[in-house]
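In case you want the letters, here they are:
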Amino acid sequence: MQETTTALQPAPEGTRLGELWDVLPEESGVNADGVLTIGGVPVTELAAQYGTPLHIFDETGLRRQIRRFVDGLAERWPNSEVLFASKSLPVVGMYRLAHEEGLSVDIAGGGELQLALAAGVDPAKLHFHGNAKSDAELEMALAAGIGAIIVDNEDELDRLERLLTKPQALLLRVIPGVEAETHASQATGGAKSKFGLPMDQALRAIERMNAHPLMEFEGVHLHIGSQILNTRQFAQAVENISTAGTFATYDVGGGLGVKYTYADDAPSVDEYLDAIVAAAREHLPEGARIMIEPGRSIVARAGVTLYDVLSVKRTGHTFVAVNGGMADMLDVALTDQRFEAVLANRVTEPWTESVQLVGRQCESGDLLVDGAELPAAQVGDLVVMATTGAYSYTLANNYNGALRPAIVFVADGEARLVARRETYEDLLRLHAPAIAAAQAE
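Residues numbered from 1 in each chain as written. Predicted model: local features only at pLDDT ≥ 70, side-chain atom pairs only at ≥ 80, totals over all residues. Heavy atoms only, no water.

An unreviewed UniProt entry annotates the protein chain as Diaminopimelate decarboxylase of Leucobacter luti. Here is the UniProt Pathway (unreviewed entry) comment for the protein chain, exactly as written: "Amino-acid biosynthesis; L-lysine biosynthesis via DAP pathway; L-lysine from DL-2,6-diaminopimelate: step 1/1." Among the UniProt annotations of the protein chain, the heading Subunit (unreviewed entry) holds the following wording: "Homodimer." (UniProt positions renumbered as here; feature names shortened; annotations may be inferred.)

A. Fine view of the overall build of the protein chain. Helix and strand content of the protein chain: 14 helices and 21 strands. Radius of gyration (C-alpha) of the protein chain: 23 Å, near the 22 Å computed for a compact globule of 441 residues. Viewed in the frame of its principal axes, the protein chain has a C-alpha envelope of about 70 × 65 × 40 Å. Sorting the 441 residues of the protein chain into buried and exposed places 56% on the buried side. Long-range contacts, defined as pairs at least 24 residues apart, comprise 68% of the intrachain contacts of the protein chain with a sequence gap of at least 6. Only carbon and sulfur atoms are counted for the fraction: they give 50% of the accessible area of the protein chain, which is about 18,000 Å². Counting 34 positive and 61 negative side-chain charges, the protein chain places the averaged centre of each group 2 Å from the other. (Helix = DSSP H or I, 4+ residues; strand = E, 2+ residues; numbered from the N terminus. Rg over C-alpha atoms; globule rule 2.2 N^0.38 Å. Buried < 20%, exposed > 50% of the residue type's maximum accessible area, 1.4 Å probe, protein only. Contact = heavy atoms within 4.5 Å. Areas by Shrake-Rupley, 256 points an atom, 1.4 Å probe, with all protein chains shown as cover. Lys, Arg positive; Asp, Glu negative; His and termini not counted. Charge placed at Lys NZ, Arg CZ, Asp CG, Glu CD.)

B. Main features of the packing of aromatic side chains. All chains considered together, the criterion is met by six aromatic pairs. With centroids separated by 6.3 Å and ring planes inclined at 70°, the aromatic side chains of phenylalanine 69 and tyrosine 272 adopt a geometry described as edge-to-face. Note that phenylalanine 69 is positioned in helix H3 (residues 59-76) and tyrosine 272 in helix H10 (residues 269-283), a separation of 203 residues in sequence. By relative accessible area, phenylalanine 69 is classed as buried at 0%. Ring centres of phenylalanine 217 and phenylalanine 247 lie 5.4 Å apart, and the angle between their planes is 85°; this geometry places the pair in the edge-to-face category. Of this pair, phenylalanine 217 sits in strand E11 (residues 215-221) while phenylalanine 247 sits in the loop between helix H9 (231-241) and strand E12 (249-251), placing them 30 residues apart in sequence. Grouping residues by exposure puts phenylalanine 217 and phenylalanine 247 together as buried. (Phe/Tyr/Trp six-rings, centres within 6.5 Å; stacked < 30°, edge-to-face > 60°.)

C. Broad picture of the domain arrangement of the protein chain. In terms of domain boundaries, the protein chain breaks down into domain 1 (16-57 + 302-426) and domain 2 (60-299). Counting from both sides, the interface comprises 32 residues of domain 1 and, opposite them, 27 residues of domain 2. Between domain 1 and domain 2, roughly 2,500 Å² of surface is buried when both sides are summed, and carbon and sulfur atoms account for 58% of that area. Glutamate 26 is paired through a salt bridge with arginine 64; the nearest N and O atoms lie 2.6 Å apart. Our enumeration of links across domain 1 and domain 2 arrives at nine residue pairs in polar contact (both at pLDDT 80 or more). Going through the elements one at a time, helix H1 (17-20), helix H12 (331-335), strand E20 (406-411) and strand E21 (414-419) are the ones with two or more residues in the side of domain 1 that touches domain 2. (Domains from an automatic or database assignment. Buried area = accessible area lost by both parts, 1.4 Å probe. Salt bridge = Lys/Arg side-chain N within 4 Å of Asp/Glu carboxyl O. Polar contact = N/O pair within 3.5 Å; in protein donor to acceptor, adjacent residues only side chain to side chain.)

D. Representation of the packing of helix H7 (residues 154-163) against helix H8 (residues 199-211) in the model. Two numbers describe how H7 lies on H8: the axes approach to 11 Å, and their chain directions differ by 10°. The orientation of H7 relative to H8 falls into the category roughly parallel. Seen from H7, the contacting residues are Glu154, Leu157, Asp158 and Glu161; seen from H8, they are Gln201, Arg204, Ala205, Arg208 and Met209. Across the contact of H7 with H8, the residue classes tally to three nonpolar, one polar and five charged. (Axes fitted to C-alpha atoms, helices over the stretch in contact; angles between N-to-C directions. Parallel < 35°, antiparallel > 145°, perpendicular 65-115°, else oblique. Nonpolar A, V, L, I, M, F, W, Y, C, P; charged D, E, K, R; others polar.)

E. Just the sheet that holds strand E9 (residues 148-151), in detail. A barrel is described by the order of its strands in space; here eight strands give the closed sequence E6-E7-E8-E9-E10-E11-E12-E13, paired in parallel fashion. With direction set aside, neighbouring strand axes in the sheet form an average angle of 30°. Lying on the sheet, H7 is in contact with E9, strand E10 (168-173) and E11; it crosses E9 at an angle near 145°. (Pairing = 2+ DSSP bridges.)

F. Local environment of the packing of H3 against H10. In the contact formed by H3 and H10, the axes pass within 10 Å of each other and the chain directions differ by 25°. Between H3 and H10, the interaxial angle falls into the category roughly parallel. Both H3 and H10 take part in a crossing whose hand is right-handed. Taken together, the residues of H10 that come into contact with H3 (itself represented by Gln65, Arg68, Phe69, Gly72, Leu73 and Arg76) are Val269, Asp270, Tyr272, Leu273, Asp274, Val277 and Arg281. Considered class by class, the residues forming the contact of H3 with H10 number six nonpolar, two polar and five charged. (Left-handed = near helix turned anticlockwise from the far one by under 90°.)

G. Up close: unusual backbone geometry. Note the cis peptide between threonine 52 and proline 53, where omega equals -5°. The topology assignment puts proline 53 in the loop between helix H2 (43-50) and strand E5 (54-58). Despite not being glycine, aspartate 336 has its phi angle at roughly 60°, a positive value. Along the chain, the position of aspartate 336 falls in the loop between H12 and strand E16 (341-343). Residue classification places aspartate 336 among the exposed positions, given a relative accessible area of 62%. For threonine 387, which is not a glycine, the phi torsion comes out positive at approximately 60°. Here threonine 387 shows up in the loop between strand E19 (382-385) and E20.

Set out below in structure tokens:
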């Protein structure tokens, strides 16, 4: 392994590398050959060993970020619990890492439940979210003995009345009435949100749960949205939820935003926790338990996506096309999120072009980065998109027959495979009935 420089060194002339370090994983560097390293491993080695597209995670940075949340909240409010919002990275390796670092886990479906259990997560530390849980999913969760169910509506209470055979801890999701300053698709706390109940309906549902012998109502839950950079909105949500009543538990959700671009000014974990706890001290009962649910803010920066350049075309624009796209990076098309990119095998070279970094899927909207600043790219270069650790794998799909990428965790100069690359055999397996019928003809 070659010695690497660190993110503290100045950017070479003609680059914006000094800014790029702020969106790359914490354990990033560049070696003497100008190759990006993650966790001490050159990405050229990772590409050679595991192929591309490839999701790479800085495991040391992941664990460090988790400790910031867990230890930071415990220091400010000892009766607290931090849940990993697992929809942001629902892979067994991440569930296991979260479990090892003392996190509880937020799940939002039967598949996430199975992944968490496969990782060895204690069922008692699982909390089941969702606005439309099926009978089958609730039965699965109850059989597993999960810690709590976050009830979304009165139809769900109907289901639970039929299904409960023993006491079950419940929270109720309440609409906090905060219009989050984020993309419309990521706002969940406003008056017209599909999640939770308004205060008047919430009070009726709470009475119903308190009257049921097997429903152990513990408190209320809220979530105002995702990728939120204004900490005052979190404090406002805490104040609003206090009007629901005095309870043992207040789950104030997640949603802390991260720095995706050079222009973003994202709050630190400390700034977020200070805002939450200051509001709690002012508005919530002193002895109550506070729960938070970070997801994106744990995994986003720790992850990057590595691609091969397949084509460079200079027509109406300069198009640099890679061997991935909206099949493995759908978040760009869904939320208009801006990402930053770097030629990972030529990190220190001057950035001479502003290009359209595009994918290989058959959509004009398959634009990964509009105006990516790079050296003059060549076929065979490696591109890293920064801050892709959240939702990239979650939203992966098979558009144009694309295969889901592999995932590796890297730490202290060593890489380990966490999820293998999907194969064409995997792709065909779901179509076995039609294949068998065709072969029988």
